[in-house]
Every structure is written in C-alpha cells, then in structure tokens.
Amino acid sequence: MPDTALPTPSLDYDAFLQAHVHSQDYPVVRYVQPTETLWIKRGGRSNPAWRYRLLGALARGLRVPVLAPVPNPGGRAAIATEVARLRDLAARGLRVPTVLATTEDGFLMRHLGAPGENTPSLGNEMEQAIPRGSAAVLALWKQGLQSITKVHKTGTCLSQAFARNLVRCPDGVIGYIDFEDDPAATLPLPLCHARDALCFAHSTAWILQSADALATARPQWKAWVQTLTPAAQQALQDSVARMAWAGRFPESRKWGRDAQRIRIAWELLKP
C-alpha cells in the first residue's frame, strides 16, 4: 500500500478525510505526517450474495458450523461495521487503531506503530524469527495465543484471527486490525471463539513446522484450548473431528500451498 507524505502542522481530521477518501488510488492508503501516521480506508466493492450461500452450503454439508460464512457485504456496510467494531474493541481496553473521523464511504484511523514506521504483523515476525530458532518462533506464537485470550475474556471475538491481522506495536503489545465483518452478529460466541482458534492455527502452523517447532507447540496448543470456555472447547473439538480429512492430504506440493497449510494445521489441531 502506498505512502503519501503531507507535511501538515495541524490537522483537521474530518476535513482531511473528506479531502482524500474519494481521490486516493487505493482502498487503503497510509499518510505520513510530521508527528503521526494515519490511514484512510475506503469502502470496496460489494460482495455477491452467492458466495455466502455457497459457503453456507459447504458448512452444512461438512457439518462444521464454525465454517458458516460471516456476511461481509463490502462498501458502506463494511465501513460502518469496521468503525463500530474498532470503537467497541477500544472501549473494551484492546489495542486497535484509533478512529479519528468517519464518513459513509470511509474512515480515518491512527497508525498503531511509531510515526513513519511499519508495524509488522505477527505472522511476518514469526517468519523472520525462523533463522533464530524454534524458541524465538514459539515465543511469538504464544504471545499470539495470549492476545486472543485477552480478546475472548472481554466477551467478544476477532473478525479473522489470522496472524496477519495481529500486529506487534513498538512497546511489544499486540494490536488487532481488519474488522470488516462481525462474526458475533451471525454466530453464537462459542463458535466465534472456536473460529478464532482455527484461523490462528491455520495461519501459524506452517511457520511452526518451518521452524521445527510444531511438535513442541502441540502440547502448548492443547493447554491453551483448555483455557477456552467449555462451549467453545466443544465447538472446536467437534469442528476438528469433522475435519479429519485434512490429515489425509499427501505431502506433495503439487496439491498447492493452501492444501499443504491445511494439512499442517491439522497436525497441530489433531487429538
């Protein structure tokens, strides 16, 4: 995503948003200011309803309700959902970007990191830690688990708990991004928590394997699952049981990266 440097000593956030939300070339653009870094996110295209019907049919056919689609209609509706979720999560004491100004078509938020600097995702940090050994990767992974627990203890869930949507701020605290959908508006909260667990496992298991840390992570994963509510544990257990087919994927790259990542995630999740 491109950066735009605009040396404005004193900023009217509402005016700034109105000036740029319709003219920027990309849906999400970073603007570097002298004392802070800002992002403007504009609504994208609406998502066709047939995708949700197809995913819903798949979830019913596999009898895995945690895979039921969470509507994300895109456009103005997605913007309204994300603004509401960011404000709600902030009110719960969670580290999310601060919403500074809004319109129907987009919103302005403050960067989670230091001015002018990137804030790496947890997924990227885990990948970069692989040369330092399994202990370094596991430490970051465990911090990701703890950050998900922190969200769950406030009585809510993430939208897509992939490692790319968890970011490590300069002070070491993990923040959360990307909230265009609201699973809790569609699914019972225990399913949402199980969904968070599956998303995180899918996005990190392959990194653990690359760092030769998967075997060490498995008992730690099982211990973390025990911290979920009984209903969430049951939802996760039922989902994993009905996904046993994932363990039968052959270890061959010809099946594609996605298939291999699902197979590796199963190695972490399996009973």
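What comes next is a walk through the structure. Fair warning: this is a prediction, and the values are worked out from it, not measured in the lab. (Residues numbered from 1 in each chain as written. Predicted model: local features only at pLDDT ≥ 70, side-chain atom pairs only at ≥ 80, totals over all residues. Heavy atoms only, no water.)

## Focus: the pairing of strand β3 (residues 37-42)
Most of β3 sits inside the fold, with five of its six residues counted as buried. Looking at chain direction, strand β2 (residues 28-32) and β3 are connected through five bridges and run antiparallel. Pairing of R30 across the sheet is with W39, part of β3. In this antiparallel pair of consecutive strands, β2 and β3, the connection spans four residues. Two elements, β3 and strand β5 (residues 106-110), share five bridges in a ladder whose sense is antiparallel. Residue pairing for β5: L38 is matched across the bridge by R110. (Buried < 20%, exposed > 50% of the residue type's maximum accessible area, 1.4 Å probe, protein only. Helix = DSSP H or I, 4+ residues; strand = E, 2+ residues; numbered from the N terminus. Pairing = 2+ DSSP bridges.)

## Topic: the pattern of salt bridges
The full count for this structure, using the stated rule, is 11 salt bridges. Here D105 and R76 are joined by a salt bridge, their closest N and O atoms 2.7 Å apart. Taken as a pair, D105 in the loop between β4 (99-102) and β5 and R76 in helix α3 (residues 75-91) lie far apart in primary sequence, 29 residues in all. Relative accessible area serves as the criterion here: at 23%, D105 is assigned to the partly exposed category. The shortest N-O distance in the salt bridge between D182 and R85 comes to 3.8 Å. Residue D182 is found in the loop between β7 (174-176) and α6 (189-210), and its partner R85 is found in helix α3; the two are separated by 97 residues along the sequence. Taking relative accessible area as the criterion, D182 reaches 27% and is therefore assigned partly exposed. (Salt bridge = Lys/Arg side-chain N within 4 Å of Asp/Glu carboxyl O.)

## Notes on the nonpolar core
In globular proteins that are soluble, nonpolar side chains generally tend to be buried together. Counting 60 residues, the largest nonpolar core has W141, Y176, L208, W221, L236 and L268 as the members making the most contacts within it. A per-element tally of this core places α6 first, with 12 residues. Discounting residues that sit within four places of it in the chain, L236 has contacts with A194, A197, L198, W221, V225 and L228. Core analysis: the next-biggest nonpolar cluster, separate from the first, contains 10 residues, F16, V21, I40 and A101 among them. (Core = buried A, V, L, I, M, F, W, Y, C linked by side-chain atoms within 4.5 Å. Contact = heavy atoms within 4.5 Å.)

## A word on unusual backbone geometry
Within the chain, D178 stands out as a residue other than glycine whose phi angle is a positive 70°. The residue D178 is located in the loop between β7 and α6 in this model. A relative accessible area of 26% places D178 in the partly exposed class. The backbone of D212 sits at a positive phi, close to 55°, despite the residue not being glycine. Position of D212 among the secondary structure elements: in the loop between α6 and α7 (214-225).

## Remarks on the environment of W224
Position of W224 relative to the elements: it lies in helix α7. A relative accessible area of 7% means that W224 is categorised as buried. Distance in space between the C-alpha atoms of W224 and T149 is 8.8 Å, their sequence separation being 75 residues. Among the polar contacts made by the side chain of W224, one reaches the main-chain carbonyl oxygen of L145 at a distance of 3.3 Å. (Polar contact = N/O pair within 3.5 Å; in protein donor to acceptor, adjacent residues only side chain to side chain.)

## A look at the packing of aromatic side chains
Enumeration over the complete set of coordinates arrives at two aromatic pairs. For the ring pair W221 and W224, a centre distance of 5.2 Å and an interplane angle of 40° mean the geometry is tilted. Residue W221 and its partner W224 are located together in helix α7, separated by three residues, close to a single helical turn. Across this residue pair, the class does not change: W221 and W224 are buried. Taking the ring centre of W206 as reference, the NZ or CZ of R261 above it sits at 4.0 Å. (Phe/Tyr/Trp six-rings, centres within 6.5 Å; stacked < 30°, edge-to-face > 60°. Lys NZ or Arg CZ within 6 Å of the ring centre and 35° of its normal.)

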